[in-house]
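# Structure at a glance
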Amino acid sequence: MEVSSVLTGRRGVCLPFSDFCSPLLFNQSAESLIVNELSKLARNRRWKFFELRTETKPEATSVPSSTYYVHKIDLSTGKDQLFARFADSVRRAIRKASKSGVTAEISQSREALATFYRLHLRTRRRHGLPPQPFKFFANIHEELLQNDTGFVVIARAASLPIAGAVFLRFGDNATYKYAASDERYQQMRGNDVVMWEGIKFLTEGRAQTLHLGRTSIDNDGLRKFKLGWNATEEMLHYFRFDTATNSWLNMSGLPGNLHKQVFGRLPLAVNKLAGSMIYPHLH
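Residues numbered from 1 in each chain as written. Predicted model: local features only at pLDDT ≥ 70, side-chain atom pairs only at ≥ 80, totals over all residues. Heavy atoms only, no water.

## Re unusual backbone geometry
Quick reminder of the rule: Secondary structure follows DSSP: runs of H or I at least 4 residues long count as helices, runs of E at least 2 residues long count as strands, and numbering of each begins at the N terminus. The buried label applies to any residue whose accessible area, calculated with a 1.4 Å probe on protein chains only, is under 20% of its type's maximum; exposed applies above 50%, and partly exposed to all values in between.
With phi around 60°, Ala158 is a residue other than glycine that occupies positive phi space. By the secondary structure assignment, Ala158 is in the loop between strand E6 (150-157) and strand E7 (160-170). Note on Ala158: relative accessible area 72%, which makes it exposed. Positive phi outside glycine occurs at Arg189, with the angle close to 60°. With respect to the secondary-structure elements, Arg189 resides in the loop between strand E8 (173-181) and helix H6 (190-204).

## Concerning the layout of surface pockets
Rules: Using a 1 Å grid laid over the protein atoms alone, points where a 1.4 Å probe fits but cannot get out form a cavity; open sets with protein on both sides within 12 Å along at least 5 of 7 lines form a pocket; any residue with an atom within 4 Å of a point counts as lining. Grid points are joined across faces, edges and corners, and a volume is the space filled by probe spheres set on the points. Note on residue classes: Ala, Val, Leu, Ile, Met, Phe, Trp, Tyr, Cys and Pro are nonpolar, Asp, Glu, Lys and Arg are charged, and everything else, Gly too, is polar.
Put simply, the second largest pocket is a space of about 590 Å³. For the second largest pocket, the lining is made up of 23 residues, of which Phe17, Ser18, Leu168, Thr175 and Lys177 are closest to its centre. Within the residue set of the lining of the second largest pocket, elements represented by two or more residues are helix H5 (134-143), E7, E8 and strand E9 (209-216). In terms of residue class, the lining of the second largest pocket is built from twelve nonpolar, seven polar and four charged.

## With respect to the packing of aromatic side chains
Describing an aromatic ring pair means giving the distance of the ring centres and the angle of the ring planes. The line we're drawing: Here the aromatic set is Phe, Tyr and Trp, taking the six-membered ring for Trp, and pairing holds for ring centres within 6.5 Å; pairs whose planes are under 30 degrees apart are stacked, those over 60 apart are edge-to-face, and all others are tilted. A ring is scored as having a charge over it whenever the NZ atom of a lysine or the CZ atom of an arginine sits within 6 Å of its centre and within 35 degrees of its normal.
Taken as a whole, this structure holds 20 aromatic pairs when the rule is applied. Ring plane angle 55° and centroid distance 5.0 Å describe the contact between Tyr68 and Tyr238, whose orientation is recorded as tilted. With Tyr68 in strand E4 (residues 66-74) and Tyr238 in strand E10 (residues 232-242), the pair connects residues that are 170 residues apart, well separated along the chain. In this structure, Tyr68 and Tyr238 share a single accessibility class: buried. A centroid spacing of 5.9 Å and a plane angle of 70° characterise the contact between Phe225 and Trp229, whose relative ring orientation is edge-to-face. Following the ring pairs from residue to residue traces out a cluster consisting of Phe17, Phe116, Tyr117, Phe134, Phe136, Phe137 and Tyr178. Note that Arg223 overlies the ring of Tyr69, its terminal NZ or CZ placed 4.1 Å from the centroid. The ring of Phe49 carries the charged tip of Arg240 above its face, separated from the ring centre by 4.0 Å.

## Overview of the state of the cysteines
Rule in force here: Disulfide: a pair of cysteine sulfur atoms within 2.5 Å of each other.
Going through the model one piece at a time under the given rule, you end up with zero disulfides. Just so you know, Cys14 is unpaired, no disulfide at all, and the nearest cysteine sulfur is the one on Cys21, 4.3 Å from it. A residue is classified by how much of its surface remains accessible, and Cys21, at 29% relative accessible area, is partly exposed.

## Observations regarding the pattern of salt bridges
Put simply, the test is: Each reported salt bridge corresponds to a side-chain nitrogen of Lys or Arg within 4 Å of a carboxyl oxygen of Asp or Glu.
In total, this model carries 14 salt bridges according to the counting rule given. When the shortest N-O distance is used, the salt bridge between Arg156 and Glu105 registers 3.3 Å. Here Glu105 lies in strand E5 (residues 102-107) and Arg156 lies in strand E6, a separation of 51 residues in the sequence. What makes Glu105 partly exposed here is its relative accessible area of 34%. Glu197 serves as the salt-bridge partner of Lys200, at 3.0 Å between the closest nitrogen and oxygen. Note that Lys200 and Glu197 are positioned in helix H6 at a spacing of three residues, about one turn of the helix. Look at the salt bridges and you will find they share partners, linking Arg122, Arg126, Asp182, Glu183 and Arg184 into a network.

Next up, the structure:
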């Protein structure tokens, strides 16, 4: 898909806002053919670059521009066997939350998504990132949740929302797409309750696989959290082909933390406004 912005230029992306979307190949010899055709298209469309998000190299000489972990859970065994295979720390967290009176609700309503979004604003600022505008999530509600291909889980302590997540589903596969929490109540283990309620709901609906999305290589805490749910781990690579140099870009050495320092200090309202202005130019 072509992404065009007056700020960040024009480029081709293998499905924007999706963690991965590998080229559909029926034999390995087709890889170089795809790259050659994409290169021609990129020059004709005047793209700065095109990006592939896949587990395998598109060419022998390809160098990843960035690399992530991806995790997924096999749901086919049912919730009882799943619970038995979770890490001890995960089972303790679920029991602790239950004893503390933390409850969870599953909904496909716009109100539930709005509750999640308020938690999302806090989480994005905590990570030093601008949030997506609410319109982005409103479209998810209209196109996905209302069509029964997704749901929201909200964990509450008494009546106070402390954690939430958006799950998407198509066929046998589901995705833990967005997660958020109020850091002031982290000790109540709301994130664990949200994940467990989502897993139970999916197993009752006969889903077979839950993808947990990508995790940055340097995010040990999130990686440990996902592995605790008996998830399998693989590597995901993004490959960026620069049309000016006709070569694959290696961006691993580029600085990338200045934005975290800036957005991490902004008031919620200002960070929200910044996200509305900036996010349309990202991919």
